[in-house]
Protein chains: 2
Amino acid sequence: MKKIVLRDDEMPKVWYNVAPDIPGGLLPPLDPQTLKPISPEKLGAIFPQGLLEQEMSTERFIPIPEEVQEIYRIWRPSPLVRANKLEEALGVKAKIYFKNESVSPVGSHKPNSAVAQAWFNKREGVKRLTTETGAGQWGSALCFATSKFGMQCKVYMVRVSYDQKPYRKFMMQTYGGQVVASPSMDTKVGRDILARTPDTPGSLGMAVSEALEEALDREDTNYALGSVLNHVALHQTIIGLEAKKQMELAGDFPDVIIGCCGGGSNFAGLACPFVPDYLEGKKIRFLGCEPASCPSLTNGKLAYDAGDVAMLTPLLYMYTLGHTFVPPGFHAGGLRYHGMAPVISALTREGIVEPVALQQLECFEAGLLFARTEGIIPAPESTHAIRGAIIEALRDPKEPKTILFNLSGTGVIDLPSYDKYLQGELQDYEYPQEDIAKSLASLPKIP
Amino acid sequence: MKKIVLRDDEMPKVWYNVAPDIPGGLLPPLDPQTLKPISPEKLGAIFPQGLLEQEMSTERFIPIPEEVQEIYRIWRPSPLVRANKLEEALGVKAKIYFKNESVSPVGSHKPNSAVAQAWFNKREGVKRLTTETGAGQWGSALCFATSKFGMQCKVYMVRVSYDQKPYRKFMMQTYGGQVVASPSMDTKVGRDILARTPDTPGSLGMAVSEALEEALDREDTNYALGSVLNHVALHQTIIGLEAKKQMELAGDFPDVIIGCCGGGSNFAGLACPFVPDYLEGKKIRFLGCEPASCPSLTNGKLAYDAGDVAMLTPLLYMYTLGHTFVPPGFHAGGLRYHGMAPVISALTREGIVEPVALQQLECFEAGLLFARTEGIIPAPESTHAIRGAIIEALRDPKEPKTILFNLSGTGVIDLPSYDKYLQGELQDYEYPQEDIAKSLASLPKIP
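Turning our eyes to something else, we now look at the relation of the copies chain A and chain B. Of the transformation placing chain A onto chain B, the axial shift is 0.0 Å and the rotation is 180 degrees, giving an RMSD of 0.0 Å. Here the copies are linked by what is in effect a two-fold axis. When the interface residues of chain A are mapped onto chain B, 100% of them are again interface residues, pointing to one common binding face.

Glancing now at the sheet that holds strand β11 (residues 285-291) of chain B. Residue and element names in this part refer to chain B. Strand order in this open sheet of seven strands is β1-β4-β5-β15-β10-β11-β14, and the pairing throughout is mixed. For this open sheet the edge positions go to β1 (3-4) and β14 (353-358), each flanked by a neighbour on one side alone. Relative to strand β15 (residues 402-407), strand β10 (residues 256-260) is paired through three bridges, and the arrangement is parallel. Paired with Ile258 across the strands is Phe405, a residue of β15. The strands touched by helix α11 (residues 230-249) within the sheet are β1, β4 (80-82), β5 (95-100) and β15, with β5 carrying the most contacts at an inclination of about 140 degrees.

This part covers the interface of chain A and chain B. In this complex, chain A contributes 42 residues to the contact, which on the side of chain B involves 42 residues. Carbon and sulfur atoms supply 58% of the area buried between chain A and chain B, which totals about 3900 Å² over both sides. Counting the surface chain A buries against chain B, the share from its top three residues, Arg7, Tyr167 and Thr174 of chain A, is 18%. Where chain A meets chain B, there are four salt bridges. Our count for the contact surface shared by chain A and chain B stands at 20 residue pairs in polar contact (both at pLDDT 80 or more). Residue composition of the side of chain A that touches chain B, by class: 23 nonpolar, six polar and 13 charged.

All right, on to the nonpolar core then. Core analysis: the largest hydrophobic core is formed by 146 residues, its most contacted members being Trp15, Tyr72 and Phe405 of chain A together with Trp15, Tyr72 and Phe405 of chain B. Apart from the residues within four sequence positions on either side, Phe405 of chain B is in contact with Ile96, Tyr97, Phe98, Lys99, Ile258, Leu270, Phe370, Ala385, Ile386 and Ala389 of chain B.

A few words on unusual backbone geometry. In this structure, Pro77 of chain B follows Arg76 of chain B across a cis peptide bond, with omega equal to -10 degrees. In this structure, Pro77 of chain B sits in the loop between α3 (66-72) and β4. Looking along the chain, the bond that leaves Ser182 of chain B and enters Pro183 of chain B is cis, with omega of 5 degrees. Backbone geometry places Val228 of chain A, a non-glycine residue, at a positive phi of 70 degrees.

Let's shift gears to the pairing of strand β13 (residues 316-320) of chain A. All names here are of chain A. With respect to burial, β13 is a largely interior element, four of its five residues being buried. Where strand β12 (residues 301-305) lies against β13, five bridges are found, and the strand directions are antiparallel. Bridging from a neighbouring strand, Ala303 pairs with Met318 of β13.

This part is about helix α10 (residues 204-217) of chain B. Residues and elements named next belong to chain B. With 14 residues, α10 should cover 20 Å at 1.5 Å per step; its first-to-last C-alpha distance of 20 Å lies within 8% of that length. Among the residues making up α10, those that are buried are Gly205, Met206, Ala207, Val208, Ser209, Glu210, Ala211, Leu212, Glu213, Glu214 and Ala215. On its buried side, α10 packs onto β6 (128-133), β7 (152-158), β8 (178-182), α9 (188-196) and β9 (221-223).

Conventions we followed
Residues numbered from 1 in each chain as written. Chains lettered and ligands numbered in written order. Predicted model: local features only at pLDDT ≥ 70, side-chain atom pairs only at ≥ 80, totals over all residues. Heavy atoms only, no water. Least-squares fit on C-alpha atoms with pLDDT ≥ 70 in both. Contact = heavy atoms within 4.5 Å. Pairing = 2+ DSSP bridges. Helix = DSSP H or I, 4+ residues; strand = E, 2+ residues; numbered from the N terminus. Axes fitted to C-alpha atoms, helices over the stretch in contact; angles between N-to-C directions. Buried area = accessible area lost by both parts, 1.4 Å probe. Salt bridge = Lys/Arg side-chain N within 4 Å of Asp/Glu carboxyl O. Polar contact = N/O pair within 3.5 Å; in protein donor to acceptor, adjacent residues only side chain to side chain. Nonpolar A, V, L, I, M, F, W, Y, C, P; charged D, E, K, R; others polar. Core = buried A, V, L, I, M, F, W, Y, C linked by side-chain atoms within 4.5 Å. Buried < 20%, exposed > 50% of the residue type's maximum accessible area, 1.4 Å probe, protein only. Expected span 1.5 Å × (residues − 1).

What follows is the structure, encoded as structure tokens:
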């Protein structure tokens with residue numbers, strides 16, 4: 001047996017909300033101006049009611065609307081795969097399974113939330129969404145989703161990616177999206193930044209600020225975020241809910257669950273549905289693998305912080321490197337974020353999630369081995385999960401474990417990074433100690 | 001119902017060989033030097049016995065080796081999808097189904113044959129394969145396949161693609177393949193061409209000659225071809241065999257079966273398993289959609305011709321534009337071939353396959369509509385099948401048909417072509433009348 005598939009009618013019809021099951025619970029988001037819990041009205045200017053309810057919900061299970069299920073079925077349920085060839089190459093008795101989220105039309109797990117966010121906005125009459133994107137995975141997913149519901153989408157794409165990585169820009173446009181390089185002249189934030197630093201390569205934090213400003217300014221437009229928030233993690237739990245059914249069909253259960261961590265959504269999606277099993281006494285280790293050069297879980301501080309440079313977002317209680325932190329330019333663009341999803345942060349605080357920091361080269365090495373054994377070229381982000389799985393598989397030959405990791409995306413659009421790795425042009429990065437100390441000093445002071 | 005999937009154990013365990021069912025049969029390949037039927041010994045210098053047996057076989061069903069099945073299961077069985085959203089957008093009552101071959105790790109149907117060819121070579125002790133590739137779909141598939149079996153692979157890639165389309169080159173290298181720009185200094189053919197025309201952009205015909213020369217010269221090396229030949233079409237029939245099972249699960253049967261046609265392998269793969277139904281009296285139309293600017297089926301001649309410029313390949317009896325024909329540089333690189341698979345040629349001769357010539361712009365328009373409705377960005381090649389399906393869906397509103405087409409590949413690596421289309425930079429091509437007349441005059445004269 002190699003691959004466990006579910007039929008369309010076996011796809012889960014609810015998402016799982018981990019919030020009520022987190023020991024110690026979650027702290028509420030704060031208003032960046034008053035530093036008090038933010039009012040629903042203020043959040044309502046950028047998010048629809050349906051998503052706000054999910055953001056705050058204490059229900060364990062939340063139904064997936066039929067229209068969202070219908071779009072999910074374009075690629076879902078996604079396969080669960082036993083990585084026999086990788087096991088053979090490693091010479092281990094450990095069993096390695098992966099959930100293959102790379103099969104979506106845009107090549108990653110991101111549409112799990114993009115489709116849901118687009119639908120809940122559309123239901124409340126919103127015709128237009130703005131968002132930011134770095135390398136472009138999230139922007140592609142949102143343009144895919146809005147095209148399905150006849151909505152418009154405007155994406156602020158970090159300038160350096162806009163110029164250097166045109167494929168995802170083309171993908172967004174093919175789905176009918178509007179893409180502008182950020183910082184842009186379309187917003188006050190953007191114009192101010194360009195006036196000060198006309199040659200800036202941009203950053204995710206700047207692009208968030210621009211997308212938010214436009215959503216706040218325009219009546220017909222809402223904002224959508226691709227990770228970090230509770231409702232995003234919620235939508236991603238379809239990954240883990242499917243995986244549980246599939247592991248059962250395989251007659252197995254994971255000892256170790258692994259995902260790469262940028263904002264935390266793909267890891268939360270796979271891991272959270274197994275948290276109740278952990279709380280009932282099952283021995284499961286949850287490993288969040290992050291890049292050593294952007295180590296929010298392993299070297300950040302658990303504190304209230306903003307999600308963007310201009311501090312327009314609500315303040316979230318999370319592990320953060322500080323919202324002014326600019327990570328070095330490593331190739332897993334989707335992991336270049338200063339903060340971590342509050343649900344993953346809380347699970348880490350409780351000792352349920354173990355964070356692991358990995359270097360770029362060891363991850364590409366793992367990705368190449370995976371491509372040549374299992375045949376699928378993983379996204380640079382996903383190679384962090386693969387490296388984590390390999391470390392665990394090799395750990396204790398006397399007690400081989402059952403490992404489950406999330407293959408969050410394909411690396412097909414990132415092939416130039418593999419080329420650089422093969423040419424020996426990539427390097428590891430020093431731990432950015434001074435930058436982190438500096439940006440942590442800029443954390444908002446909560447009374 | 002949206003998507004019909006089969007579980008791993010429902011994957012067909014045999015391929016279907018259409019040769020014995022073709023009315024009028026097939027003519028044997030000829031030796032390009034003697035112009036007589038080629039000897040098995042001569043073919044044995046480049047192909048393994050197992051594949052030669054398939055090439056000549058009169059058995060209807062040929063078992064798929066277990067090792068090949070195991071690799072197929074990385075992505076197979078592939079989904080059959082009801083294109084509801086496309087139907088809605090067209091406002092038709094016709095039912096449109098597509099077989100989604102874009103889900104393979106390299107993004108096309110090509111590995112169906114690459115895996116089989118690599119395995120049969122390996123079984124006979126061959127450690128190394130050479131091949132040619134244009135835009136790179138076939139080369140990627142063969143590097144993927146050889147990496148699975150621990151074999152080496154050298155790909156002669158047409159220089160203009162090597163320089164301008166690096167992503168597939170990177171993909172081949174990521175799978176461990178060796179890629180050289182063709183013409184190269186590695187072969188006599190290549191050196192001769194470079195001496196005469198140092199600035200040549202190369203062509204598929206030149207690359208075939210180089211790959212063949214190296215396979216003929218080296219004891220440890222065989223040659224692999226990605227389309228046209230009977231055994232390639234045979235391996236692709238897993239597409240149609242799965243689709244038959246899936247249409248049955250959907251409670252439907254196709255009135256019209258459609259594929260794009262370059263060398264003919266993906267169309268043969270979908271269509272051939274339905275030929276016995278046609279011969280038993282079922283009313284099925286088989287439409288082969290080719291580019292109007294490389295119209296071998298609609299404007300070529302049914303004759304013996306070579307597969308390459310240097311006339312090193314066996315002569316095949318096929319619809320051809322002449323082996324010296326150089327098609328204009330349109331964006332569906334996989335359809336830029338002068339000849340057509342003998343099995344598709346024979347089915348066309350018998351009036352079973354109806355050829356359709358389509359223009360580039362109408363195909364990209366169809367591809368864009370498909371991306372925005374069904375959510376999957378199709379390969380430029382596959383847009384020809386989509387355009388064909390749309391024409392059939394709109395044909396007769398009073399008698400809506402059930403249409404089945406092959407989505408042979410994803411367009412993710414071809415996104416720059418979509419960008420050019422969206423920017424209005426693409427054009428249709430005139431029918432290349434003079435070029436075709438000239439190249440047809442160079443057909444080998446068979447006594």
